[in-house]
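Single-letter residue listing:
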Amino acid sequence: MDVRFTHFPAEKIRAFLVFFCFLVLYACFSESSIQSIVYTEEGKAVSIAFNSSKDPNSFALYLKGEQETPVLGAFSSTADDMFSFRPVIPLSNGQTYELYSKDIKLHTFVIDSLKTQSSPKLLQIYPSNNTLPENLLKIYLQFSEPMQETGNALDFIKVYNETAQKEESIFLELQSELWNKEHTQLTLWLDPGRIKTDLIPNKEKGLPIRKGNTYTIEFSKEWKSAEGVGLAQDYTKSFFVTKADRAMPNMESWKLQVPKAKGKKGLLLFLYEPMDAILLLEGIDIVNEQGDIIEGTFKLFSQESALQFTPAQEWATGTYKVQVQSKVEDLAGNNFEHLFDQEIHSDNAKSKPVVTSRSFVIED
Amino acid sequence: MKKLIFLAAIGVVALFTISAVNNTENQLTKDFIFGDANIASISSLSFGPEGILFLGDSKQATVFALDTKDVVVNAEGAKINVGDFDAKIAASLGTTADQVRITDMAVNPISKNVYFSVNVTDGTPVLLRLKGEGFENVSLKEASYSKIALTDPIAVDAEDRRGRSQRVWAIADMKYHKGTIMVSGLSNKEFGSTFRSIPFPFKNTQDYASLEIYHAAHGKYETHAPIKTFDVINMEGKDYLMASYTCTPLVLFPMEELKGGKHLKGRTVAELGAGNSPLDMISFEKEGKPFFLMSNTNRAVMRLDYDTIANFKETLTEPVTDFGVATGVEYVSLPMVNVLQLDNLDASNVVYLQRTASGEMVLRTRPTKWM
């Protein structure tokens, strides 16, 4: 059988991807056959090539069993009796398709990229602490792979109140889920309307999680990656709920363990309160006397209640500052400017964030 | 002779008119470029003038303006009744219903064609146009477009220097109104909301407004609550932004004051009860009277009368004492539940996407006289 790989100059399929092209031997009819299915490096079936002596305007591709709605895409002639079809989106792995010429079925073929997709893992759940305040505002989930962009995340999450022995719903349902751009990190809000005192949801349903109760959150392995592979396992997180945190974070109470100059030993910051991991890592900097940011890396430990800063270059003697943007929050959404559950007046949405800082001196 | 002068005058007027029309067209699309728009996601759709469709890309925090060139005038839209709608959309993309997500729907006010934005499981965005019971793909790769990035109202200089991730502003709702595209967004990090208005054609300007609402139940003001959906309504000759918040208060802001980073206090006109989230809003006319419709996650479609809203002069400032009781302007619950998408089809019909009690997803039209 003659195998040809169709060239699509307008597309981003480079010649080096061609080795992924996979020959499907479905010789269905003597006058025509599927010649090849072109896969990208990621294993996506972006086009098929076939030969046929039928009228080029008569072709239609259907999902197997579907008779009414053809797959959207473009047929084009590549050589005598040779055609290609490029679907609008890649054909789905594992699906069977049927190529028709009017009412005559020409071919049936299956998409099998042969690329083994790894199972995604739930790498981190923030906060990592197992004792949480009853006015906890949000939970972050970090995955090893981009996750599916269809369905609802909350369909894969069950919250069980171990104390009351019942399933509960604690998260805010949003049409536009709050993923990062890569679709590997999801932010789940505990319903803010239930956390803010005296709002209707708060009065009707009370706080989403309550003091003295133990909860288990289950993340189902049915939750799939963008490539359609389920989580490696079911994941759970159990935690006990303590009293609400109604205090603003205070930098004055932080303890600093300052290293000596001429070394790269880490600066240790003990916050004595678990903070919002994502906001903290984004909103903290070490600056020198000139206000220049010192290059280096921050690492969280002690359930996000302590940090280590390791400089990229050796410490030089001098006065430095730990600088934190006021938007950085504790687990209850209290930041350095205001409590979450409080009357708020903001004069100007454009106003620059307030920066809170603590000085320290590096000595020989 | 007089006739000749008259004809010449008509000719001149016609010429001016034609050139004016051409100028307008040029004005709107003169900065458009042709090629792959590189759209990463479509979370929101809204039609502007002359077949220009705005697409909200949450992943890139960008609004795209796409010239659909779909400008053949149709006074009336076709009657629509399509069953198994999600399965049909999926089939047209060569996949099954569980692999697609319909993120928004918009009707072109000129052609009355219905557009859908669809996400497939790996996140590839697709724009489809309904054609009979089938679909046409509207290419995002060979498109005439312009775009504007939604800049963060909060300075992020320090973050940028260290190459840390920018905030994701998930676009909650987006509407075009009189030369301006308005966008409400939700942050994936702080509990906060942004509301901005961007003049179209896009320049390097966007305006922020800090909107303050009064929670009747709460007895307190707050600025940070996110807006889920909004619409612009005209009452007594003035345009108002009607915003619906996550905690269901319905709040009015005068449009003329929404600029220059100004801090505005809204007039809370209704508390629509807890455990419910607004999904979509439209305005329509019935027997010459303007009404307003809102679909919800856990309640039926609500109809509000403009007159009732206009006559409700006070703002809710007394804390609500009865649990779950909606207060403020009166509304009518229509016998329509689980309406996922809602838009005006033409002057006397709406089109809606609904999950029926049997679980089937249907796309239907309905005369406004029955709304």
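The shown structure was predicted, so the numbers you read here are calculated from the model rather than taken from an experiment.

## Description of the overall build of chain A
(1) Moving on: Along the backbone of chain A there are three helices and 23 strands.
(2) Moving on: Put simply, of all contacts in chain A between residues at least 6 apart along the chain, 63% involve residues at least 24 apart.

## So, the sheet that holds strand 18 (residues 267-270) of chain A
Sheet strands associate in pairs through backbone hydrogen bonding, adopting either a parallel or an antiparallel arrangement.
Residues and elements named next belong to chain A.
(1) Moving on: Taken together, the four strands give an open sheet; going across it, the order is 17-18-21-20, and neighbouring strands pair in antiparallel fashion. Both outer strands of the open sheet, strand 17 (255-257) and strand 20 (296-301), are each paired with one neighbouring strand and no more. Across the sheet, the mean angle from the axis of one strand to that of its neighbour is 20 degrees, orientation sign disregarded.
(2) Moving on: The pairing of strand 20 with strand 21 (residues 306-311) spans six bridges and is antiparallel. Counted as the bridge partner of Phe301 is Ala306 from strand 21.

## Looking at the confidence of the model for chain A
All names here are of chain A.
(1) Moving on: Counting all residues, the mean pLDDT for chain A is 84, and 86% of those residues have values of 70 or more.
(2) Moving on: Confidence drops under a pLDDT of 50 for residues 1-31, and excluding neighbours within four residues, the segment shows 48 contacts in the predicted structure.
(3) Moving on: Note on residues 344-353: pLDDT is under 50 here. Beyond four places in sequence and across chains, it has 25 contacts.

## Some words on the nonpolar core
(1) Moving on: Core analysis: the largest hydrophobic core is formed by 159 residues, its most contacted members being B:Ile89 and B:Met242.
(2) Moving on: With near-sequence residues (within four places) excluded, B:Ile89 lies in contact with B:Val100, B:Ile102, B:Phe116, B:Val118, B:Leu128 and B:Phe135.

## Observations concerning unusual backbone geometry
Negative phi is the rule for most residues except glycine; trans is the rule for most peptide bonds.
(1) Moving on: Residue A:Pro127 is bonded to the preceding A:Tyr126 through a cis peptide linkage, with omega at 0 degrees.
(2) Moving on: For A:Pro127, the location among the structural elements is in the loop between strand 8 (122-126) and strand 9 (131-133).
(3) Moving on: Residue B:Phe200 is joined to B:Pro201 through a cis peptide bond whose omega torsion reads 0 degrees.
(4) Moving on: As for its position among the elements, B:Pro201 is in the loop between strand 13 (193-199) and strand 14 (207-215).
(5) Moving on: Of note, A:Asp81 is a non-glycine position whose phi angle comes to about 55 degrees, a positive value.
(6) Moving on: Tracing the backbone through its elements, the reader meets A:Asp81 in the loop between strand 4 (73-79) and strand 5 (82-87).
(7) Moving on: Phi is positive for A:Lys102, close to 50 degrees, though the residue is something other than glycine.

## Some points on the pairing of strand 10 (residues 143-149) of chain B
All names here are of chain B.
(1) Moving on: Examined bridge by bridge, strand 1 (residues 33-35) and strand 10 share three bridges and lie antiparallel to one another. By the bridge assignment, Gly35 is partnered in strand 10 with Ala143.
(2) Moving on: Looking at chain direction, strand 4 (residues 62-67) and strand 10 are connected through five bridges and run antiparallel. Each bridged residue has a counterpart across the sheet, and for Val63 the counterpart in strand 10 is Ile148.

## Comments concerning the sheet that holds strand 25 (residues 332-333) of chain B
All names here are of chain B.
(1) Moving on: Read from one edge of the open sheet, four strands run 21-22-23-25, paired in antiparallel fashion. At either end of the open sheet lies a strand with only one pairing partner, and these are strand 21 (278-286) and strand 25.
(2) Moving on: With eight bridges joining them, strand 21 and strand 22 (residues 289-296) adopt antiparallel strand pairing. Of the residues in strand 22, the one forming a bridge with Glu285 is Pro290.

Rules behind the numbers
- Residues numbered from 1 in each chain as written.
- Chains lettered and ligands numbered in written order.
- Predicted model: local features only at pLDDT ≥ 70, side-chain atom pairs only at ≥ 80, totals over all residues.
- Helix = DSSP H or I, 4+ residues; strand = E, 2+ residues; numbered from the N terminus.
- Contact = placed C-beta atoms within 7 Å.
- Pairing = 2+ DSSP bridges.
- Axes fitted to C-alpha atoms, helices over the stretch in contact; angles between N-to-C directions.
- pLDDT = per-residue confidence, 0-100.
- Core = buried A, V, L, I, M, F, W, Y, C linked by C-beta atoms within 7 Å.
- Buried ≥ 20, exposed ≤ 12 C-beta atoms within 10 Å, placed from the backbone.

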